[in-house]
Amino acid sequence: MTGTSCNEPVKESRVRVLPYYEEATFTPIWMKEGEELSQNFHQIPAFRLQNQSGEWITEQKFKNKIYVTDFFFTSCPGICPKMTNNMLVLQEAFEEESDILLLSHSVTPDHDSIPVLANYARIKGVKDSKWDLVTGDRAAIYDLGRNFYFVEEDLGLEKAADDFLHTENFVLVDQNRHIRGIYNGLNTTAIQQLIADVKTLQKEGGN
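These figures come from a predicted structure and were not determined experimentally.

Asks: Please provide a residue-by-residue account of the overall build of the chain, values included.
Replies: Check the secondary structure of the chain and you find four helices and seven strands. Across the chain, helices and strands are ordered from the amino to the carboxyl terminus as β-β-β-α-β-α-β-α-β-β-α. Expressed as a percentage of its 207 residues, the buried residues of the chain come to 47%. Within the chain, residue pairs in contact and separated by at least 24 positions form 71% of the contacts whose partners lie at least 6 positions apart. A total accessible area of about 10,400 Å² is found for the chain, and carbon and sulfur atoms account for 47% of it.

Asks: A description of the nonpolar core should follow, citing residues and the corresponding values.
Replies: One recurring pattern in soluble globular proteins is that nonpolar side chains are buried together. Residues Phe 47, Val 68, Leu 90, Tyr 149, Phe 170 and Leu 172 are the most contacted members of the largest nonpolar core, which totals 53 residues. If one sorts the elements of this core by residue count, helix H4 (residues 188-204) sits on top with six residues. Those residues within four positions of Leu 90 in sequence are excluded, and the remaining contacts are Val 68, Leu 102, Phe 170, Ile 191, Leu 194 and Ile 195.

Asks: Would you mind going over the environment of Asn 176 in detail, with residue names and values included?
Replies: Inspection of the secondary structure puts Asn 176 in the loop between strand E6 (169-173) and strand E7 (179-184). The sequence separation of Asn 176 and Ile 66 amounts to 110 residues, and the corresponding C-alpha distance is 8.3 Å.

Asks: Help me get a handle on the confidence of the model for the chain, residues and values and all.
Replies: With 86% of its residues at a pLDDT of 70 or more, the chain has an overall mean of 89. A low-confidence stretch, residues 1-8 (pLDDT under 50), is modelled with 21 contacts involving residues beyond four sequence positions or located in other chains.

Asks: Give me the lowdown on the side chain of Arg 177, citing residues and values where you can.
Replies: Note on placement: Arg 177 falls in the loop between E6 and E7. Buried Arg 177, no salt bridge; nearest opposite-charge side chain is Glu 59, N-O distance 5.4 Å. From its side chain, Arg 177 meets the backbone oxygen of Ile 44 in a polar contact 2.6 Å long. In contact with Arg 177, not counting residues within four places along its chain, are Gln 43, Ile 44, Pro 45, Ala 46 and Glu 59.

Asks: Quick rundown of the side chain of Thr 167? Include the residues and the values.
Replies: Mapped onto the secondary structure, Thr 167 falls in the loop between helix H3 (138-148) and E6. Within the structure, Thr 167 has its side chain in polar contact with the backbone nitrogen of Asn 169 (distance 3.1 Å). Excluding residues within four positions of it along the chain, Thr 167 makes contact with Phe 71, Ile 79, Met 83 and Val 151.

The rules behind the values
- Residues numbered from 1 in each chain as written.
- Predicted model: local features only at pLDDT ≥ 70, side-chain atom pairs only at ≥ 80, totals over all residues.
- Heavy atoms only, no water.
- Helix = DSSP H or I, 4+ residues; strand = E, 2+ residues; numbered from the N terminus.
- Buried < 20%, exposed > 50% of the residue type's maximum accessible area, 1.4 Å probe, protein only.
- Contact = heavy atoms within 4.5 Å.
- Areas by Shrake-Rupley, 256 points an atom, 1.4 Å probe, with all protein chains shown as cover.
- Core = buried A, V, L, I, M, F, W, Y, C linked by side-chain atoms within 4.5 Å.
- pLDDT = per-residue confidence, 0-100.
- Lys, Arg positive; Asp, Glu negative; His and termini not counted.
- Salt bridge = Lys/Arg side-chain N within 4 Å of Asp/Glu carboxyl O.
- Polar contact = N/O pair within 3.5 Å; in protein donor to acceptor, adjacent residues only side chain to side chain.

Given below as structure tokens:
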């Protein structure tokens, strides 16, 4: 997990090139210069969900884009407000950069309808052009969170389909839908490190 106990601003990544991740232990995979990933390397799959404006959002929106994703719900009284505030920090940091997007999945999609998400977005100051709050099929959202973004930390514990998904993790995804980092969405220093790592990915250009 990225992040330290201090709150000193982080101005750059610890490394020139970020590692890749392909499973839930988040063991880093370092690529040599010029080395290419195998064709079956882990990648975020196709998806189709609706955002706060009622627009259908698919993986195609993020083609050649860097994005940060998390999982939340609008009625959450605990960690979600702090996570949302830190997503707002990212929104402000990359407000003018069209190649950086934010994506938040509702883990209570039955409650978080499009009007509910739209109201939440308005209250929180979400910019629709930068940040999608999405709802849709619960099973699809949970499958993405658990099996593709690996956002839960309960490694080794079997999860039933009805088990609630609740996590503070933010995941950094590159221009080719590969995972490049996981961060504690409640930790100020981790958010600053995430901002620095996004800038590193921009320089890398998705290679």
